[in-house]
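What follows is each chain in one-letter form.
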Amino acid sequence: MSQNPFEVMRRREQADTGMALLAGGRVAEAEARFKALLTDEAGNPEALHGLACVALASGKAALAIGLAGRALNDGNLSEAQRGRFYLTLAQGLADEHHLEPARAALHVSILLQPLNPRAHLLMGTILAGLGRLDDSLIALSEALRLAPDDLSCMQALGAQLMRAERKAEAVGVFQDIVARRPDLAAAWANLGAALFECGAFEEAYAALLRAVETSDDVAAETLNNLGLVEMARGHLLAAGRAFEDAARRAPDDLRVRNNHATLLSELGEAKRASASLRDIMITNAGEEAVRAEFNHAALLLGQGRMAEGWAAFQSRSAFVPLAPETWDGQPTDRPVTIHAEQGLGDIVQFLRYLPMAAERAPLRVCLPDAAGKLLALMPSLANLPPGRVQVASASEEGLSANLLSLPFLLHCHDAPDPAPYFVVDVAPVRGRIGIMWSGSRHYRFDRRRSLTRAQIAPVFDVPGIEFLCLQKDVSDADLAGMVHADMSDLAATARAVASCELIIGVDSVVVHLAGALGRPAWLLNRYGGDWRWRGPSWYESITMFQATTPDVPDIAWPPVVARVVEALRADVSGGVLASKRG
């Protein structure tokens, strides 16, 4: 029997009114409308679908799935209705973390309603959850094409671009958002976070500061990011204030507490840092608890508590790509592949443990091309039986371990032996000093570690010295007045270092090489500094000229450089280049 068209229209209007109420946040009133419609007509699909939407808004995804499924059982649905209902079903499945069924339901919805930007937006989110980032970006780009002014589509696309490491593109999307809505604190916060990841610290600072100024209720995450940016800029005290403010707003946010503890360690407040990190560790709260253990490892090693430190240092496997570790450090006749990890300075620093490891097992050492010739500089390896230690490819099978795990696997509970372990047949040139004032700009906190050519310039005013530039990728202007070294690989760099009576440099592979060779080196070390330079001496020939205040680089470095110049003048006037403590 055909329905009264006026009655059909009335019920449709009632369903539309319910959806409008729901869109306006009036959930209870919307629910009442849909229930009344369902009482009026049992099994009304629009009423069932409306109640499914109410369930989603109320956080009852499982109920929404059931109601959307009942609505879809109606055999008289139009394509438009089926498209909407499948979209709601997909949202419920996604909220319940049933991502593959959600993707399948959404696929049907998009086939029925290909011009619905909400469907493509949800598809992008679901595909990202399935780890299909490229497909996610295609779906989100389509959503934005269909709704070019939709901020939620723009925000989702920017977030996924960040996940896909397409950071510059993400910055462009977030810049578009703030241009459209400069009143949105969250938009400025997202832009600041993206700029920080791109290493644009000043721009990131400006954006995050704008976020703070735009809202009286700024999110703890924004303040946390502001703290990280301030650390990268070298404003340690300002970073502390940002982390403390973030912790007040979100006292249970373990990420904030981890970052604040790291800063406290840099500021020399080891007790407070240790207590905070231990509190996070005992929560067993997944990634942040492991990150706290890794941060605590650096604290322990910097205090000379080597046994505890090396054990905790193994937690780095959660954050650093490492080869599977199948060797337990016990004596064996089976070859063990040793995999290099992290930076070149770390490789130089930890190669000292190879002879001890080689006493327990034949070694196949995988090194990057730049470091491949370093083993030939170690006389302690030459005394071993032929073939006991070999350079190998990363494809070697069998037992394996990571280079920085050797102190743990070999139970090295004492401070490292600071004696040199590299030898090259190069004599120092009288009056030659090697100099290296900046490290890799890819390091997030390089601004605190490195100096500019202008900041180190007073050193070049000391007469009677031939300066050998150990800086890679140096401009002709910066090289003026210096000899440039062959740094084609680390073995060549080691020979250049050995040709100097003294090395002056920041925390870098050059200083590690000087220490491994036993050449006198003056380390220009930032305030706080890396754990390697806080505790027991790794190299007997290295002297630290330490920044003594947590000031910004422009203020912190000049006194350090002045002490270096004073010590250098004293050595030159005395006719000898000897190490002096700064």
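Rules of the game
- Residues numbered from 1 in each chain as written.
- Predicted model: local features only at pLDDT ≥ 70, side-chain atom pairs only at ≥ 80, totals over all residues.
- Heavy atoms only, no water.
- Pairing = 2+ DSSP bridges.
- Helix = DSSP H or I, 4+ residues; strand = E, 2+ residues; numbered from the N terminus.
- Buried < 20%, exposed > 50% of the residue type's maximum accessible area, 1.4 Å probe, protein only.
- Right-handed = clockwise from strand over helix to strand, strands pointing away.
- Axes fitted to C-alpha atoms, helices over the stretch in contact; angles between N-to-C directions.
- Expected span 1.5 Å × (residues − 1).
- Contact = heavy atoms within 4.5 Å.
- 1 Å grid on protein atoms, 1.4 Å probe; cavity = no way out; pocket = protein on both sides within 12 Å on 5 of 7 lines; lining within 4 Å.
- Points joined across faces, edges and corners; volume = space filled by probe spheres on them.
- Nonpolar A, V, L, I, M, F, W, Y, C, P; charged D, E, K, R; others polar.
- Left-handed = near helix turned anticlockwise from the far one by under 90°.
- Salt bridge = Lys/Arg side-chain N within 4 Å of Asp/Glu carboxyl O.

Caption draft 1: Structural context of the sheet that holds strand β6 (residues 466–469). Read across the open sheet, the six strands follow the order β7-β6-β5-β8-β9-β10; overall the sheet is parallel. Strands with a single pairing partner mark the edges of an open sheet, and in this sheet they are β7 (483–484) and β10 (542–546). In terms of strand pairing, strand β5 (residues 432–436) meets β6 through four bridges, oriented parallel. Paired with Ile435 across the strands is Cys469, a residue of β6.

Caption draft 2: Geometry of the pairing of strand β8 (residues 502–506). In terms of burial, β8 is a largely internal element, five of the five residues being buried. Across the two faces of β8 the burial is the same, with Leu502, Ile504 and Val506 and Ile503 and Gly505 all buried. With four bridges connecting them, β5 and β8 associate as parallel partners. When the bridges of β8 are listed, Ile433 appears paired with Leu502. Pairing of β8 with strand β9 (residues 521–525), which is carried by four bridges, proceeds in the parallel orientation. Residue pairing for β9: Val506 is matched across the bridge by Leu524. Between the parallel pair β8 and β9, the chain is carried across by helix α27 (residues 509–517), and the sense of this crossover is right-handed.

Caption draft 3: The arrangement of the sheet that holds strand β4 (residues 399–402) in detail. Read from one edge to the other, the open sheet built from four strands follows the order β3-β2-β1-β4, with strand pairing classed as parallel. With one partner strand each, in any of the chains shown, β3 (389–391) and β4 form the two edges of the open sheet. Direction aside, the axes of adjacent strands within the sheet are offset by 25° on average.

Caption draft 4: Geometry of helix α9 (residues 151–163). Here α9 spans 18 Å end to end across 13 residues, near enough to the 18 Å set by a 1.5 Å rise per residue. Contacts from the buried residues of α9 go to α7 (117–129), α8 (133–146), α10 (167–180) and α11 (185–197). Trailing α9 by a residue or two, Glu165 shows a phi angle of about 65°, which is positive.

Caption draft 5: Summary view of empty space enclosed by the protein. One pass over the full model with this rule turns up two cavities of 30 Å³ or more. Each pocket or cavity is described by its volume, and for the largest cavity that value is around 90 Å³. Surrounding the largest cavity, 13 residues form its lining, Arg448, Arg526, Tyr527, Asp551 and Ala556 being those nearest its centre. Classifying every residue of the lining of the largest cavity gives eight nonpolar, two polar and three charged. In this structure, the second largest cavity encloses a volume near 30 Å³. Residue lining of the second largest cavity: Leu301, Met306, Trp531, Arg532, Gly535, Pro536 and Trp538, and that is the complete set.

Caption draft 6: Inspection of the packing of α11 against helix α13 (residues 220–233) at higher detail. For the pair α11 and α13, the least separation of the axes is 10 Å and the interaxial angle reads 35°. Regarding α11 and α13, the two cross each other, and that crossing is left-handed. On α13, the residues that touch Ala189, Ala193 and Phe196 of α11 are Thr222, Asn225, Leu228, Val229 and Ala232. Taken together, the residues of the contact of α11 with α13 sort by class into six nonpolar, two polar and no charged.

Caption draft 7: Inspection of unusual backbone geometry at higher detail. The phi dihedral of His97 is positive, around 65°, even though this residue is not glycine. Residue placement: His97 occurs in the loop between α5 (79–95) and α6 (99–112). On the basis of relative accessible area, His97 is assigned to the exposed category, the value being 68%.

Caption draft 8: A look at the pattern of salt bridges. For the structure on display, the rule yields 30 salt bridges. In this structure, Glu266 engages Arg526 in a salt bridge whose closest nitrogen and oxygen atoms are separated by 3.4 Å. Pair noted here: Glu266 is in helix α15 (residues 254–266) and Arg526 is in the loop between β9 and β10, with a separation of 260 residues, a long-range link. Residue classification places Glu266 among the buried positions, given a relative accessible area of 8%. Look at Arg526 and you get buried, because its relative accessible area is 6%. With a shortest N-O distance of 2.9 Å, Arg272 and Glu269 are connected by a salt bridge. Since its relative accessible area comes to 44%, Arg272 is described here as partly exposed. Taking the relative accessible area as the measure of exposure, Glu269 reaches 29% and is therefore partly exposed. Connected via shared salt-bridge partners are Glu165, Lys167, Glu197 and Arg444.

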